[in-house]
Amino acid sequence: MGPIGKLKMGRHTAATMASALAAIIFLNFVLIASAVDEPRLEIFPSQKVQRKAVGQAMILTCRPNVPSPNLVADLQWKDNLNNTILPKPHQIYQPVYDSKGHRIRDNMGRNPPMFTEYMTGTESLALIINHLSVEMEGKYYCTASYATNDILETSVTVKTYVGITWTNAPENQNPILGEDYVVRCEVKADPNPTIDWLRDGDQIRSSEKYVVQTHGLLIRNVQESDDGIYTCRAAVVETGELVERTIRVEVYSRPVITYLPTTLEATEGKPFSANCTATGKPVPEIFWIKDANHQNVATADRFLVNPLTGVLNINSVTQDDYGTYTCIAKNDAGVADQKTKLNVLITPSIYYLYNVTGVSEKEVALTCRAKGRPAPAITFRRWGSEDEFTAGAQVDDERIILEQHFDDDKGESSGTLRISKAMRSDDGLYQCLARNTGGTAYSTGHIEVQFRPDFTHMKDLPPVFSWEERKVNLSCLAMSIPNATIEWRWNGKPIKDIHDKNLEIVGTGPRSDLIVHPVARQYYSVYKCIATNIHGTSEHDMQLKEARVPEPVPAAQPKQLTATSVTFEIRSPPTEFGLPITAFTVQYKEAINPDWSTALNRSWSPDSPYIVEGLKPQTMYHFRFAARNQVGLGLWGVNTQQSTPKRSAPEEPKPLHSPVQNDIEEPVVVSPYSDHFELRWSVPADNGEPIDFYQVKYCPGVKISGTWHELENECQSVEVPESTSYEMTHLAGNTYYRIELRAHNIIGFSSPASVIMKTTRDNPYPKGTASKDYSIRLQGVSLIMALFVVQLTRSMLMPIDSRNSQFAAL
């Protein structure tokens, strides 16, 4: 077919289609017109099937569509069971509150689950369902009559579904660190929903870490990095419902107690603080429980607990606070606990220490008991001594054993000092010491060692002397515990039974005195003192002797002579034990004088030098000597003749210095100063002529090979009148000086007394004395150099070997 034919065919087809379309439009118009004209009921919303979620409210409106609405009658709704739905009942108003404002009922009444109600201003009848339930699902009918005999009816189907409801999906969830945890998201819907999970907008898929489960999201081995915001998304495909639930996941960790000492120590009567620290998330709350009574100590008096820091404070510790305590750390993730023991340090107190009595050669024990916590260690020491006895046998005295016993539960201890074979020396005061870390308590007890009477202390006493019928006291003291009673006997008879008025007893023990009046020689005798106590008897003899004056002096020899004095050496006569010589006496006169009644006398004590002074030079004297004791002067003994020498120079003076043996040749006197020295001496015998002055000569020098060398031009000599001291000044430091001292009278000089003196080392350039001391030091250097030149010159003339030894000595 050509193009023209095709064009004709197209035109014919188009005309046919246009005719058919016109016919269809006309037919629809006719049907619509007829429908409008036919009476009917219409339900709004107009969908034949209405879908609503359970629990929601809904309204269905039935409206007549008729030419004459006033001809419509019996308009009503029927439920899914074909029961007529009644209109809303009329309600009478009742107040909700009374006149005082108190609620008297919950609401104004309850509406039925569904009811009908005419819409104001229209001819429509509404079906109102306040709360749709599953049972209300089905077909609902709207019916009416029109023009008396025309029945109108229409229907609508109500379909219900369960909307998405979160049944177990808390918005804040807290998994435990290190454990597996299911983030809960349980949802209810009908039809069943599908669940998926998102984190930070990204979908979570099942893996080793995450597993999407029916009722939640499983997170394996929860870590802190799993903190975050998770989204649980529920969807119902059939209804198109999509709901999201935001869940905040914060990882918690179980409490862990990080610090609590196993033991704590507090002191009774003092405040105390302890700390229990724990970690965990959230921060755990801390409790302290006393195990003995399961009491939370935060509720007890004197206790204060900070639940955040775990610090326990006790205002004043008592003994009852001793025991085991549990620290509990608790948070939403779990509970941790740990125990500690509180030891209450109780300062020791001694409650038992009594004096004890023992017997010599038997055992005695002193016991001391004390309280404290911890149970105190008990030791003893002798009163006045710092040395304490040690546990067990003592190293220096195995008789003494210290026994110790402890009861830590009761906080008590005891110590016993046990002494076997007690001796008198063990008697005395003993101090008990109870010691623990809280302090030391002291108490003193006495050990009394009883023994039979003892006269040992009187064995070495001298006899008792009397003369010229003088009364004497024989004193007898018995050492004993308990005290002894004393009885005196003479010639084997009790003196108390003799009734001799010349024998008087004073006291019966432990001291007793026998007063003897020796009017006859028979009383110079031996008297017996007898002491008795419960442990035995002891006796002691006391002798009364008649005292006499000393025997004549057997010898007296001149020891030192001067023109005006004689020093004697006297030999004492034999003496009685207990009756010593109290003095020696000399009588002396010139030999030409025959009458001793005109002789001169001098007495000396036995320990002084026996010097007779004031004699005439070149004169013969007679001397006789006697000894004196308490009785009196004895007979004159040895008769000695001695002549004094002629007048002469004074005796050698004696320097009053103590030399130090720090020189191999002779002692040296060390001056405490570097530039001066005070020489002191005693006055010598003047040998008949008074001393008018002293000469002091001092020269610096040095010893070389044991020979003293001095520079004559450096020597100084002074005369000191009427004095026994002289201060040498302007001396050189660290220098030896040879000092010669002579006494002078009109006859001449005494022999010289020689002293080697050394000054100390001086300080370099002391303030204010530089020029003077510098000159002195130069003199010392010059002296040493001059001596060195002298020695060097001498050594040049010696053999080589001798010369070497001299230089070594120098």
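The rules we used
- Residues numbered from 1 in each chain as written.
- Predicted model: local features only at pLDDT ≥ 70, side-chain atom pairs only at ≥ 80, totals over all residues.
- Heavy atoms only, no water.
- Helix = DSSP H or I, 4+ residues; strand = E, 2+ residues; numbered from the N terminus.
- Buried < 20%, exposed > 50% of the residue type's maximum accessible area, 1.4 Å probe, protein only.
- Contact = heavy atoms within 4.5 Å.
- Areas by Shrake-Rupley, 256 points an atom, 1.4 Å probe, with all protein chains shown as cover.
- Phe/Tyr/Trp six-rings, centres within 6.5 Å; stacked < 30°, edge-to-face > 60°.
- Lys NZ or Arg CZ within 6 Å of the ring centre and 35° of its normal.
- Disulfide = S-S within 2.5 Å.
- Salt bridge = Lys/Arg side-chain N within 4 Å of Asp/Glu carboxyl O.
- Core = buried A, V, L, I, M, F, W, Y, C linked by side-chain atoms within 4.5 Å.
- Pairing = 2+ DSSP bridges.
- Axes fitted to C-alpha atoms, helices over the stretch in contact; angles between N-to-C directions.
- Lys, Arg positive; Asp, Glu negative; His and termini not counted.
- Polar contact = N/O pair within 3.5 Å; in protein donor to acceptor, adjacent residues only side chain to side chain.

A.B. asks: How do you make sense of the overall build of the chain when you look at a structure like this?
C.D. replies: Looking only at helices and strands, the chain features 4 helices and 60 strands. Within the chain, the fraction of its 810 residues that count as buried is 37%. Across the chain, the fraction of contacts at a sequence separation of at least 24, relative to all contacts at a separation of at least 6, is 62%. Accessible area of the chain: about 46,600 Å², with a carbon and sulfur share of 52%.

A.B. asks: Can you walk me through the packing of aromatic side chains in this structure?
C.D. replies: Note on aromatic pairs: each is described by the distance of the centres and the angle between the planes. This structure, assessed with the given rule, holds 12 aromatic pairs. Ring geometry for Phe568 against Phe625: centres 5.2 Å apart, planes inclined by 70 degrees, an arrangement best described as edge-to-face. One end of the pair, Phe568, is in strand β46 (residues 566–571); the other, Phe625, is in strand β50 (residues 620–628), with 57 residues separating them in the sequence. Relative accessible area serves as the criterion here: at 3%, Phe568 is assigned to the buried category. The class of Phe625 is buried, set by a relative accessible area of 0%. With a centroid separation of 5.5 Å and an interplanar angle of 55 degrees, the aromatic rings of Trp604 and Tyr610 are classed as tilted. Through a chain of ring-to-ring contacts, three or more aromatic side chains come together here, namely Phe568, Tyr588, Tyr621, Phe623 and Phe625. It is Arg369 that lies over the ring of Tyr352; its NZ or CZ is 4.5 Å from the centre. Sitting above the plane of the Tyr351 ring, Lys371 keeps its charged end 5.5 Å from the centroid.

A.B. asks: Just to check I follow, could you spell out the state of the cysteines for this structure?
C.D. replies: Note: disulfide means a covalent bond formed between the sulfur atoms of two cysteine side chains. Counted under the stated rule, the structure contains 6 disulfides. Covalently, Cys476 is tied to Cys529 through a disulfide, its sulfur atoms 1.9 Å apart. Measuring handedness by torsion sign, the sulfur bridge of Cys476 and Cys529 sits at about -80 degrees and is left-handed. Within this pair, whereas Cys476 is found in strand β37 (residues 472–477), its partner Cys529 is found in strand β43 (residues 526–533), the two being separated by 53 residues in sequence. Cys529 sits in the buried class, given a relative accessible area of 0%. For the chain, numbering the cysteines in disulfides from first to last along the sequence yields the connectivity 1-2, 3-4, 5-6, 7-8, 9-10, 11-12.

A.B. asks: What's the story with the pattern of salt bridges in this structure? I'm lost.
C.D. replies: Where charged atoms of side chains with opposite charge meet at close range, the side chains can pair. Within the structure shown, the criterion is met by 27 salt bridges. Put simply, Glu42 and Arg63 hold a salt bridge, and the shortest N to O gap is 3.5 Å. A residue pair is termed long-range when its members are at least 10 positions apart, and Glu42 in strand β1 (residues 40–44) and Arg63 in strand β3 (residues 58–65) qualify at 21 residues. The buried category is assigned to Glu42, whose relative accessible area is 19%. A residue is classified by how much of its surface remains accessible, and Arg63, at 38% relative accessible area, is partly exposed. Across the pair Arg233 and Asp196 runs a salt bridge whose closest N-O atoms are separated by 2.5 Å. Pair noted here: Arg233 is in strand β16 (residues 228–236) and Asp196 is in strand β12 (residues 194–199), with a separation of 37 residues, a long-range link. Under the relative-accessibility criterion, Asp196 is labelled buried at 16%.

A.B. asks: How should I be thinking about the nonpolar core in this particular structure?
C.D. replies: In terms of nonpolar packing, the biggest core is built from 23 residues, with Ile257, Phe272, Trp288, Val297, Phe303 and Leu342 touching the most fellow members. Among the secondary structure elements, those contributing two or more residues to this core are β19 (263–267), β20 (272–275), β22 (285–290), β24 (303–305), β25 (311–314), β26 (323–331) and β27 (334–353). Per-element tally for this core: the top contributor is β27, with 4 residues.

A.B. asks: Is there a simple way to think about the sheet that holds β46 in this case?
C.D. replies: Strand pairing in a sheet is mediated by backbone hydrogen bonds. Such pairs are either parallel or antiparallel. Strand order across the open sheet formed by 3 strands is β45-β46-β49, with antiparallel pairing between neighbours. Every other strand in the sheet has two partners, leaving β45 (555–561) and β49 (610–612) as the edge strands with one partner each. On average, each strand axis in the sheet is inclined to that of its neighbour by 35 degrees, with strand direction left out of account. Across 3 bridges, β46 lies against β49 in antiparallel orientation. If you follow Phe568 over to β49, its bridge partner there is Tyr610.

A.B. asks: I'm lost on the sheet that holds strand β5 (residues 114–118) in this one. Help?
C.D. replies: The sheet built from 4 strands is open, its strands ordered β1-β3-β6-β5 with antiparallel pairing. The open sheet has two free edges, formed respectively by β1 and β5, since each of these has just one partner strand. Going across the sheet, the axis of each strand differs from the next one's by a mean of 20 degrees, ignoring polarity. Bridging between β5 and strand β6 (residues 125–129) involves 5 bridges; their strand directions are antiparallel.

A.B. asks: Explain the side chain of Asp79 to me, please; I cannot follow it from the model alone.
C.D. replies: Tracing the backbone through its elements, the reader meets Asp79 in the loop between β4 (72–78) and β5. For the buried Asp79, no salt bridge is present, and the opposite-charge side chain at shortest range is Lys78, 9.0 Å distant. Of note is the side chain of Asp79, whose polar atom sits 2.9 Å from the backbone nitrogen of Leu81. For Asp79, the side chain forms a polar contact with the main-chain nitrogen of Asn83, separated by 2.8 Å. The residues touching Asp79, leaving out its near neighbours within four places in the chain, are Ile85, Met114, Lys139 and Tyr140.

A.B. asks: Please clarify how the environment of Met136 should be interpreted in this entry.
C.D. replies: Here Met136 shows up in the loop between β6 and β7 (138–146). The exposure class of Met136 is buried, given its relative accessible area of 11%. Counting along the chain gives 22 residues from Met136 to Val158, while the straight-line C-alpha distance between them is 7.8 Å. With residues up to four places along the chain from it excluded, the contact list for Met136 reads Asn80, Pro113, Met114, Ile129, His131 and Val158.

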